[in-house]
Amino acid sequence: MRLSRIIMALTVGLAVAAVPTAAGAAQPQPPVYPPQGIVSLTVSPPTIRLGETFTLRGTGFLANETVRIDVAISGLPAAAPAEGTARRSDGSTVAMAPVAYTPNRAQPQPAPTTFTVTADDSGNFTVTYRPTRPGRHTFTATGLTSGRTASATGTVLPPRPTRPPHKGGLPVTGDSIGTPLKLGGGLAAAGAVLLLGSMAWRRRRAG
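Residues numbered from 1 in each chain as written. Predicted model: local features only at pLDDT ≥ 70, side-chain atom pairs only at ≥ 80, totals over all residues. Heavy atoms only, no water.

### A word on the overall build of the protein chain
Our working rule: Each helix is a run of H or I in the DSSP string that is no shorter than four residues. Each strand is a run of E no shorter than two, and both are numbered from the N terminus. With a 1.4 Å probe rolled over the protein chains alone, any residue whose accessible area is under 20% of its type maximum counts as buried; one over 50% counts as exposed, and the rest are partly exposed. Contacts: residue pairs with any heavy atoms within 4.5 Å of one another. The protein chains shown are the only cover counted for residues, whose accessible areas, like all others here, come from Shrake-Rupley with a 1.4 Å probe.
In terms of regular secondary structure, the protein chain is built from 2 helices and 10 strands. The N-to-C order of helical and strand elements in the protein chain reads α-β-β-β-β-β-β-β-β-β-β-α. Residue burial in the protein chain is summarised as follows: out of 207 residues, 19% are buried. Taking contacts inside the protein chain between residues at least 6 apart in sequence as the whole, the part at least 24 apart equals 68%. When the accessible area of the protein chain is evaluated, it comes to approximately 15500 Å², of which 61% is carbon and sulfur surface.

### What about the sheet that holds strand β9 (residues 135-143)?
The criterion, for reference: DSSP-based pairing: two strands are paired if at least 2 bridges between them are found. Note on geometry: axes are lines fitted to C-alpha atoms, helical ones only across the stretch in contact, with angles between N-to-C directions running from 0 to 180 degrees.
Strand order across the open sheet formed by 5 strands is β2-β10-β9-β4-β7, with mixed pairing between neighbours. Strands at the two margins of the open sheet, each flanked by one partner only, are β2 (47-49) and β7 (114-118). Taken over all neighbouring pairs, the strand axes of this sheet differ in orientation by 30° on average, direction set aside. Pairing between strand β4 (residues 66-74) and β7: 5 bridges, direction antiparallel. Across the sheet, Arg68 pairs through a bridge with Thr116, a residue of β7.

### Topic: the environment of Thr128
Note that Thr128 resides in strand β8 (residues 125-129). A residue is classified by how much of its surface remains accessible, and Thr128, at 54% relative accessible area, is exposed. Expressed as a C-alpha distance, the spacing of Thr128 and Arg57, which sit 71 residues apart in the sequence, is 8.8 Å. Excluding residues that lie within four positions of it along the chain, Thr128 makes contacts with Thr53, Phe54 and Thr55.

### Observations regarding a nonpolar patch on the surface
Inclusion rule: Nonpolar side chains (Val, Leu, Ile, Met, Phe, Trp, Tyr) within 5 Å and like charges within 9 Å form the patches, drawn only from residues with over 30% relative accessible area and no salt bridge. One side-chain nitrogen of Lys or Arg within 4 Å of one carboxyl oxygen of Asp or Glu is enough to make a salt bridge.
Taken together, the side chains of Leu195, Leu196 and Met199 present a nonpolar region at the surface, about 310 Å² in accessible area. Relative to the elements of secondary structure, Leu195 occurs in helix α2 (residues 178-206).

### Structural notes on the sheet that holds strand β3 (residues 54-59)
One open sheet holds the 3 strands; their spatial order is β1-β3-β8, and the pairing between them is antiparallel. Edge positions in the sheet fall to β1 (40-44) and β8, since each of these pairs with one other strand and no more. The average undirected angle you get between the axes of adjacent strands in this sheet is 20°.

### Quick notes on the nonpolar core
Our working definition: Throughout this description, the term nonpolar core refers to a set of buried Ala, Val, Leu, Ile, Met, Phe, Trp, Tyr and Cys residues connected via side-chain atoms within 4.5 Å.
Within the largest apolar cluster, 21 residues are counted, with the highest numbers of intra-cluster contacts made by Leu41, Leu56, Ile69, Phe115, Phe125 and Phe139. Breaking this core down by element, the ones donating at least two residues are β1, β3, β4, β7, β8, β9 and β10 (149-157). When neighbours within four sequence positions are excluded, Phe115 is seen to be in contact with Leu56, Val67, Arg68, Ile69, Val71, Val127 and Tyr129.

### Regarding the environment of Phe115
Along the chain, Phe115 turns up in strand β7. Of the residues examined, Phe115 reaches a relative accessible area of 16% and is grouped as buried. C-alpha of Phe115 to C-alpha of Val71: the two residues are 44 residues apart in sequence and 8.8 Å apart in space.

Shown next, in the form of structure tokens:
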């Protein structure tokens, strides 16, 4: 009798001890991702003119993961080449803004500052981006599932100044050269006539 009570007490104790373990096992566990490799984002070429296109390449994200790309735009860096400078009398320089010929056409829509791409089976992606304003563009790619992130920067310079189109040939800046040529030709012809007349008159006198 006493032995059966001891066995029953041990059984109940083991059952009570197993309840928390079973409850913990029943709770959902966070997903296990593969070890994080080298996450990178590159921008090529690093410097472009307005109207050209960046190519963004990302690596190290999850397979088929949606990646959000945020674009932050700031002013041009001080080291960026200027379009032109003028020197003051005191030796200092001042930037000169180019005056470009702009045809009458609709302005492009602003480029997005946030967009998404989908990584391939290897966790990589390639996407193009065409800026619509000069400045330093900082791209930040964030995996929406893994939280992995990488950043890269590209510089957009103003467009090169262009000249207004004109119809073929050199621009006319003065009177036509045809008038002097005509006048010279007329004088030469008159001189030839006078010379021939003089020679004929001398022959008559000699005869």
